[in-house]
Amino acid sequence: MEHKAGPLNKKFWTPGVLVMLVFMIAGGISILARFTGGIGYITNLTNARPWGLWVGVDVATGVALAAGGFTTAALAHIFGKHYYEPVTRPALLTAALGYTFVVLGLLVDIGRSWAIWKPIFNWNTNSVLFEVAMCVMVYLHVLYIEFIPVVAEQFKDRVNLPGPLSVFNGLIDMILKIADAILDKIMWVFIILGVVLSCMHQSSLGSLMLIAPTKLHPLWYTPILPLLFLLSAFAVGYPMVVFETTIASSSFNLDSEMNILAPLTRITVFLLGIYMFFKLGDMFVRGTYTYLLDGNYQTNSFIVEMLFGVMIPWVMLLFEKVRNSRRGVFTAASLIVGGVVLNRINVFIVGYKPPLSDNGYFPAPGEFFVTLGLIATLMFVYRLVVTWLPVLQESKEVPS
Amino acid sequence: MQLSRRSFFKIMGAAGASVTALPPSANAWKSKAPPDPYGCLVDLTRCVGCRKCEEACAEVNGLPTPERPNCQCIVFDKKRRPDDKAYTVVNRYFTGKLDQFDKPLPTYAKVQCMHCQDPACVSACIVGALTKDETGAVRYDATKCIGCRYCMVACPFEIPAYEYHDPITPRVIKCSFCYDRISKKGGLPGCATICPTEALTFGKRETIVKVAQKRLEENPGKYIDHVYGEKEVGGTSWLYISSVPFEKVNLPVLSDKPSPKLSETIQHSLFSYLWSPLALFGVLGALMYKSNKNQGEPENKGGY
Ligand code: SF4
Ligand code: SF4
Ligand code: SF4
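Draft legend 1. Layout of the sheet that holds strand β1 (residues 38-43) of chain B. Residue and element names in this part refer to chain B. The sheet built from three strands is open, its strands ordered β8-β1-β9 with mixed pairing. The strands lining the two open edges of the sheet, one partner per strand, are β8 (200-204) and β9 (238-241). Put simply, the sheet's adjacent strands are angled 25 degrees from each other on average, direction ignored. Alignment of β1 against β8, held across five bridges, turns out to be antiparallel. Bridged to Gly-39 within β8 is Gly-203.

Structure below.
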């Protein structure tokens, strides 16, 4: 690679950042309300609908969209396609932040947040959720470890703590250097571990609903739901990288990385194709296409998911012209990302309808505030990190 | 990144060895139901909707007094569900049955946790806070619970309720089968002792199933020929017999397959002894080693 990753060194406070702040404050107030009045105080969750927006979006969608981390790591480091290395760092950062916020979202959602550590000591290996939780916990730490070299690269030899803390400069510098040196030797273990853990919990997130056959609409309830979740995580990884890299490079005014993104989309045609094949095949094998014309909100949501989230972007990417245009690639990638988001929302919210006691569910404003607040905070931290750490490719223009 | 030959083979060897040493047990899924649990029969033809069971349940379990305890009128206008204040409720249904004067006949149905033989909630609970006891009772241990509410997602009868308005220590709320009472010799559940019409019959599940079948045989034409709960989701401790179709009184049509069977089979065939993750680790490791060797010196500066 010609240019290497570097801190952005750009102005941090922009109008966009101020908008983020507003959402963060609204989210913060809602979270305060949740911890004073209880979950019921700010949500529309009921005994029939124990999982709503927070599980469907903050957790399930968050995990799916963080798939860029392990898919790029697999490509660049395991399959040895070093050409793609420039995108591994931003993808790694998104994954690390994504999973951090999955856990933060869980802390708000579970009733006894202070007891979140209990699964470490009370194992129920029959529980799909137990496996998901363990994988997410370990993977989060793997991601942090994978990120240490980025921090080390920036601060090695220039640890400069303010005021009285400066006595620790030497010590911290040493720790950083040692950690970096050790990690350099064993990083491959963490990279493979990250991919293995991802495959495990990405698929198991789909297994979560297998225990509730009467509640999930047959268009989504299938024994191969875990496989579909895994395949869609594979498929959404690179589009997510395209999506965020394009947004980052246009909002930070960086060089476009089309030379890397275009070939990534060629792999996406293949991965999305497999997902589509299984998803449609499953529909035909189980004969669930008979529901398609029901015309209710559930089946319509399925049609939108399949058409706009899978089939249209797949066909788009078949055309070389689309793959080579920045606009085209970005549009297709956004559709795929949207399709997977809608899929997770469909499985956990729209398609979920307990037959005995359902009373309908639409998220309360408080739920939206918390979710939007978490997303805004994530973007805020992302911006903070890329401003000061070497994550994105340095631009050629002189930093302002 | 450096991938030293030695450390690579050491770790890969360990991964490989554990895969071959512990082959995935090809065991088929087995029921974990207790051998001789208690059961309770609800005979919907006998229930008159007096709601005494609601009151007794509240009393023995220290719950708030039910809404309008002596009312058999407007409480029935809405369909109620067990919630965070009540383990059991009785609902009234008009199913189209008429009496001799062509007036619609009500059917009353008590609803509470079914204490499934292979409960979805127990399988789902992330920390094992829910357990199936030898008595048949599905018990809840609030000290383990983290409040993930996956048990509520899993339950096919939509039973567990949640204390949504407790900010710090909310609990899952459901019928306990009066474990503290039935685990003692001769103990009976609060609701079953009070029922004036003997619509509720408590005993060993095996005996109760026979009692139910006998009633069906001895009263031809009176009952639907089905003991609800004998086979549903692999069997439940609470059983129902009725003269009106069960789905009309909100007892759902369910398959005989135990609810946790599919997910547990998938989980265990993939993850027992972590064989598949280890195998995947091995395959990916080999790929990584190969691709890094082929590329000559492993380029590390651009990535991690
Ligand atoms: S009825 Fe629901 S809560 Fe009760 S044992 Fe069965 S699955 Fe668990
Ligand atoms: S809410 Fe509590 S009892 Fe229910 S599954 Fe979660 S930890 Fe278990
Ligand atoms: S068995 Fe006990 S807890 Fe359950 S409904 Fe009857 S009285 Fe209430």
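There is more to say after this.
Draft legend 2. Geometry of the site of ligand 3. For ligand 3, the set of nearby residues contains 13 residues, the closest of which are B:Cys57, B:Asn61, B:Cys175, B:Cys178 and B:Cys191. For the shell around ligand 3, the class distribution of residues is eight nonpolar, four polar and one charged.

Draft legend 3. Geometry of the nonpolar core. With 148 residues, the main nonpolar core has A:Met209, A:Phe348 and B:Tyr150 as its most contacted residues. Here A:Phe348 is in contact with A:Trp51, A:Val55, A:Gly56, A:Ala60, A:Leu205, A:Leu208, A:Met209 and A:Phe229, once residues within four sequence places are set aside. Counting 44 residues, the second-largest nonpolar core is a separate cluster that includes B:Ala58, B:Ile182, B:Tyr228 and B:Trp238.

Draft legend 4. Seen up close, the site of ligand 1. Not every one of the 13 residues close to ligand 1 is listed here, only the nearest: B:Cys113, B:Met114, B:Cys116, B:Cys121 and B:Cys155. Across the shell around ligand 1, the residue classes break down as eleven nonpolar, one polar and one charged.

Draft legend 5. Geometry of the packing of aromatic side chains. On inspection of all chains with the given rule, the structure shows 20 aromatic pairs over all chains. On the numbers, 6.3 Å between centres and 70 degrees between planes, the contact of A:Phe229 with A:Phe348 is edge-to-face. Taken together, the positions of A:Phe229 in helix α8 (residues 225-251) and A:Phe348 in helix α12 (residues 326-350) put the pair 119 residues apart, joining distant regions of the chain. Summarising the aromatic geometry, the rings of B:Tyr228 and B:Phe246 are spaced 5.2 Å apart at their centres and angled 35 degrees between planes, so their arrangement reads as tilted. In this pair, B:Tyr228 sits in the loop between α7 (205-218) and β9 while B:Phe246 sits in the loop between β9 and α8 (261-271), placing the two residues 18 residues apart along the sequence. Among the aromatic residues, ring-to-ring pairing joins A:Trp51, A:Phe229, A:Phe348 and B:Tyr150 into one connected group. Geometry around B:Tyr38 places B:Lys204 over its ring, the cationic atom sitting 4.2 Å from the centre.

Calculation rules
Residues numbered from 1 in each chain as written. Chains lettered and ligands numbered in written order. Predicted model: local features only at pLDDT ≥ 70, side-chain atom pairs only at ≥ 80, totals over all residues. Heavy atoms only, no water. Pairing = 2+ DSSP bridges. Helix = DSSP H or I, 4+ residues; strand = E, 2+ residues; numbered from the N terminus. Axes fitted to C-alpha atoms, helices over the stretch in contact; angles between N-to-C directions. Near = heavy atom within 4 Å. Nonpolar A, V, L, I, M, F, W, Y, C, P; charged D, E, K, R; others polar. Core = buried A, V, L, I, M, F, W, Y, C linked by side-chain atoms within 4.5 Å. Buried < 20%, exposed > 50% of the residue type's maximum accessible area, 1.4 Å probe, protein only. Contact = heavy atoms within 4.5 Å. Phe/Tyr/Trp six-rings, centres within 6.5 Å; stacked < 30°, edge-to-face > 60°. Lys NZ or Arg CZ within 6 Å of the ring centre and 35° of its normal.

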